[in-house]
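Architecture and fold: a report
Single-letter residue listing:
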Amino acid sequence: MSEHRFKVNLGGMIEILSDHLYSDPDVYIRELLQNAVVLHSEAGLASGVAYILPYTVQPTIRQSHLIYLKNTLLTTKGEDLLPDWAFFTKCIVNTKNLRPTASRESFYRDEILEQTSEELGECIIEYLTNLANGNRALFDQFMQIHELAIRSIAVTDEEMFDVFIDSLLFHTTKGYVTGRDLKLMHEELVYAGMMEYKHLSQIFMAQNKLLIDVGYVYTMELLSRLSEKTGLDPVKVFAIYQAILKLSDAIIDQKGSDPYHYNVLWRYKWLLGDGWEFYQVTTPQFEKLLQDSVIRYKKAGYTFRSLYMSAVEYYYDIDDEKAKEYYQLYLTQKRDSMTDCAACEISSEIGYDLHLDKYSEARKKAENVISGRLNCTVQPYSVYCTLIDYAVEKQLYGKMLPAGLGEELAGFAADARKAIVKMGLLKVNTGLLLQYYALFEPNKAINLLKQFPDFTETVVSPLARFKFALGMMLFIQRLGNKKTYKMKIDSRFPFYNPENVYEPAKMYDYYEGIARQIAEDFYKSQGRVILKKYFEKVSLRKEN
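So, on to the packing of aromatic side chains. Tallied over the full model, the rule gives 27 aromatic pairs. Measuring from centroid to centroid gives 5.9 Å for Y316 and Y352, while their planes differ by 35°, and the two rings are tilted. Within this pair, whereas Y316 is found in the loop between α12 (305-315) and α13 (320-332), its partner Y352 is found in helix α14 (residues 342-355), the two being separated by 36 residues in sequence. Centroid distance Y510 to Y511: 4.9 Å. Interplanar angle 80°. Geometry classified as edge-to-face.

Within the largest apolar cluster, 72 residues are counted, with the highest numbers of intra-cluster contacts made by I388, F466, M472, F475 and M487. With 11 residues, the top contributor of residues to this core is helix α21 (residues 462-477). Once residues lying within four places of it in the same chain are set aside, the contact partners of M472 are L434, L449, F493, M507 and Y511. Formed by 57 residues, the second largest nonpolar core is a distinct cluster that contains C91, L128, F164 and L226.

The subject of this paragraph is unusual backbone geometry. The linkage connecting Q379 with the following residue, P380, adopts the cis geometry, with an omega of 15°. Position of P380 relative to the elements: it lies in the loop between α15 (359-370) and α16 (381-396). You will see that N71, though not glycine, has its phi angle at about 70°, which is positive. Topologically, N71 is positioned in the loop between β3 (65-69) and β4 (72-78). Overall, the relative accessible area of 47% leaves N71 in the partly exposed class. The residue N500 is not glycine, and still its phi comes out positive at about 65°. Tracing the backbone shows N500 in the loop between β11 (485-486) and β12 (501-502).

Moving on, we get to α16. Between its first and last C-alpha atoms α16 spans 22 Å; for 16 residues at 1.5 Å apiece the expected length is 22 Å, and the two agree. Of all 16 residues in α16, 13 are buried; the element is thus mostly enclosed. Two residues or fewer after α16 comes G398, characterised by a positive phi angle close to 70°.

Turning next to the packing of α14 against α16. Their axes nearest at 9 Å, the elements α14 and α16 cross at an angle of 5°. With respect to α16, the axis of α14 lies roughly parallel. Taken together, the residues of α16 that come into contact with α14 (itself represented by S347, I350, G351 and L354) are S382, V383, T386, L387 and Y390.

Moving on, we come to a negative patch on the surface. A contiguous patch of negative charge on the surface is contributed by E118, E122, E126 and E159. The element best represented in the negative patch is helix α3 (residues 111-134), accounting for three residues. Assessed through its relative accessible area of 40%, E122 is described here as partly exposed.

Within β3, five of the five residues are buried, which leaves the element mostly enclosed by the surrounding structure. Burial along β3 is two-sided: H65, I67 and L69 facing one way and L66 and Y68 facing the other are all buried. Inspection of the sheet shows β3 paired to β4 by four bridges, in the antiparallel sense. Looking across to β4, one finds that L69 is bridged to T72. The loop that links β3 with its antiparallel partner β4 comprises two residues; one of these, K70, has a positive phi angle of about 55°. For β3 and strand β5 (residues 89-95), the ladder comprises four bridges, and the chain directions are parallel. Each residue of the ladder has a partner; that of L66, found in β5, is I92.

So, about the sheet that holds strand β1 (residues 36-41). Note on sheets: strands pair through backbone hydrogen bonds, and any given pair is parallel or antiparallel. Read from one edge of the open sheet, five strands run β1-β2-β5-β3-β4, paired in mixed fashion. Where the open sheet ends on each side, the last strands, each with one partner, are β1 and β4. Direction aside, neighbouring strands of the sheet carry axes that sit 15° apart on average. As defined by bridge partners, β1 adjoins strand β2 (residues 46-52) across six bridges and the pair is classed as antiparallel. When the bridges of β2 are listed, S41 appears paired with A46.

This part covers the side chain of Q379. Along the chain, the position of Q379 falls in the loop between α15 and α16. Here S347 takes part through its side chain, which lies 3.4 Å from a polar atom of the side chain of Q379. Beyond its immediate chain neighbours, meaning those up to four positions away, Q379 contacts A343, C344, S347 and V369.

It is at 10 Å that the axes of helix α11 (residues 283-300) and α12 come closest, and there the two elements cross at 170°. Viewed along their axes, α11 and α12 adopt a mutual orientation that is roughly antiparallel. Across the interface between the two elements, T283, F286, E287, L290, S293, V294 and Y297 of α11 pack against S306, L307, S310, A311, Y314 and Y315 of α12. Among the residues forming the contact of α11 with α12, the class breakdown is eight nonpolar, four polar and one charged.

Time to look at the pattern of salt bridges. Applying the stated criterion across every chain yields a total of 17 salt bridges. Linking R151 and E147 is a salt bridge whose minimum nitrogen-to-oxygen distance equals 3.4 Å. Here R151 pairs with E147, and both are found in helix α4 (residues 136-154), just four residues apart, close to one helical turn. Residues joined by salt bridges that share partners form a network here, namely R305, R335 and E345.

What follows deals with the confidence of the model for the chain. Low pLDDT marks stretches whose predicted atomic positions should not be read closely. Per-residue confidence for the chain gives a mean pLDDT of 81, with 85% of residues at or over 70. Across the chain, element-level confidence peaks in α13 with a mean pLDDT of 96 and bottoms out in helix α1 (residues 10-18) with 49. Below pLDDT 50 for its whole length, residues 17-23 participates in 20 contacts with residues either more than four positions away or in separate chains. In this model, residues 236-241 is a region of pLDDT below 50 whose contacts with residues beyond four sequence positions or in other chains number 22 contacts.

A word on the side chain of N497. Relative to the elements of secondary structure, N497 occurs in the loop between β11 and β12. There is a polar contact of 2.5 Å between the side chain of N497 and the backbone oxygen of V501.

Criteria and cut-off values
Residues numbered from 1 in each chain as written. Predicted model: local features only at pLDDT ≥ 70, side-chain atom pairs only at ≥ 80, totals over all residues. Heavy atoms only, no water. Phe/Tyr/Trp six-rings, centres within 6.5 Å; stacked < 30°, edge-to-face > 60°. Helix = DSSP H or I, 4+ residues; strand = E, 2+ residues; numbered from the N terminus. Core = buried A, V, L, I, M, F, W, Y, C linked by side-chain atoms within 4.5 Å. Buried < 20%, exposed > 50% of the residue type's maximum accessible area, 1.4 Å probe, protein only. Contact = heavy atoms within 4.5 Å. Expected span 1.5 Å × (residues − 1). Axes fitted to C-alpha atoms, helices over the stretch in contact; angles between N-to-C directions. Parallel < 35°, antiparallel > 145°, perpendicular 65-115°, else oblique. Patch = residues over 30% accessible without salt bridge, like charges linked within 9 Å, V, L, I, M, F, W, Y side chains within 5 Å. Areas by Shrake-Rupley, 256 points an atom, 1.4 Å probe, with all protein chains shown as cover. Salt bridge = Lys/Arg side-chain N within 4 Å of Asp/Glu carboxyl O. Lys, Arg positive; Asp, Glu negative; His and termini not counted. Charge placed at Lys NZ, Arg CZ, Asp CG, Glu CD. Pairing = 2+ DSSP bridges. Polar contact = N/O pair within 3.5 Å; in protein donor to acceptor, adjacent residues only side chain to side chain. Nonpolar A, V, L, I, M, F, W, Y, C, P; charged D, E, K, R; others polar. pLDDT = per-residue confidence, 0-100.

Right, dumping it as structure tokens:
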């Protein structure tokens, strides 16, 4: 490696360290020695130093850097020189080969700037890698401060994932373990959400089995990437209940059904019904779980009515013939104590009718629910969302709404939003509601964003993230060609900044990336092509 020399204004270095990074000017020399990253770039003929911030920062905060051009101070508010993921640093850099803009506050974004940014980022990665291998105490101190930030970028940046996964911590029934520990265990990566983990952890600990708590931000995404790298098999949706099912089997063998076994099978039915929300559940896995459910229901003396409807909902975007077959089987099964309530059954039938574009039949069935004659905890709100989904699809494909539906939509959306916000129901449809607002009532989209600012970063369901990302794409499209957009939203929003000014183009690219990847994952895992079609339709609207 060639020797790199750089010159900076010493007064500027002292100022940025003592006035902007550290509360006590006397500590800046120590921080200069142990938290300084030497920067160099052949492309930009750039050299300098970056400092690791000694406090937690949000991933969306853009740092202001001290930038020199040919040894002359250009700006104290430089933002574009380092990669976006290096938000936990401040730097002082001198460059000789970048073109300043007319305002002389930044550089033209061209190929040289992109390459320079990449090379400077490589310096930071090299520093952190060496720190992890050579100065564990300092690296642990860095991770303690910036772990949440590192988790956020490790999810999307392959190189950063490789650097940090061994050191990231995961809460499990075997204590806090690192990514490296998970690799060495060679166990199934069985996991559960926070509430499920609370209920199941004692069972897993008693059997000395591994259960991972994915209630922490980004944990599930990190596990998914880890499984891709190592070949481990993550069990993501259903298998956490296998332990309980085995325990309850003993009860049913001895004395038939009882309340405990009934509750277990009821929850198992819910999980089967949610299979279409998770690309991690492949079609062969779903079929295997469906047959397993049928066997258990038969043994306990229950009909398969609700199980077959779950299969209808899973298949009607994948295989119309299978969906039709399961729908006919559903109709042959009698209602019993294990079937869904009458209102929810109607809601499922409405969804299937609308998939077949039988609006008149669906609307007739919906009348008893919408009128309130049939209702439950999630109805009529689920029916509202099903009809809104149908209207959104029609709008995306440029087709006329059926007579009467347009007049009802605003009321449906208001009631569905009330259920989502106040009752915590139907969170998967938050993104659907955002799509509706973007297409029909754009002035209401901002209020929804205020209420669900970090939705794509915290929601478990990939389908819910996909819907929300599409909603954001549609909303940003309504902004036209604006280079900046001012809106006041919650600080948890991924692109939050205190000035409340955002760049729609960057936001669009971010959510487009999320939607594209999830659509591709569903297609690869389940052959579910409908999400790719939706994504393409939304993207085409931008081009037009």
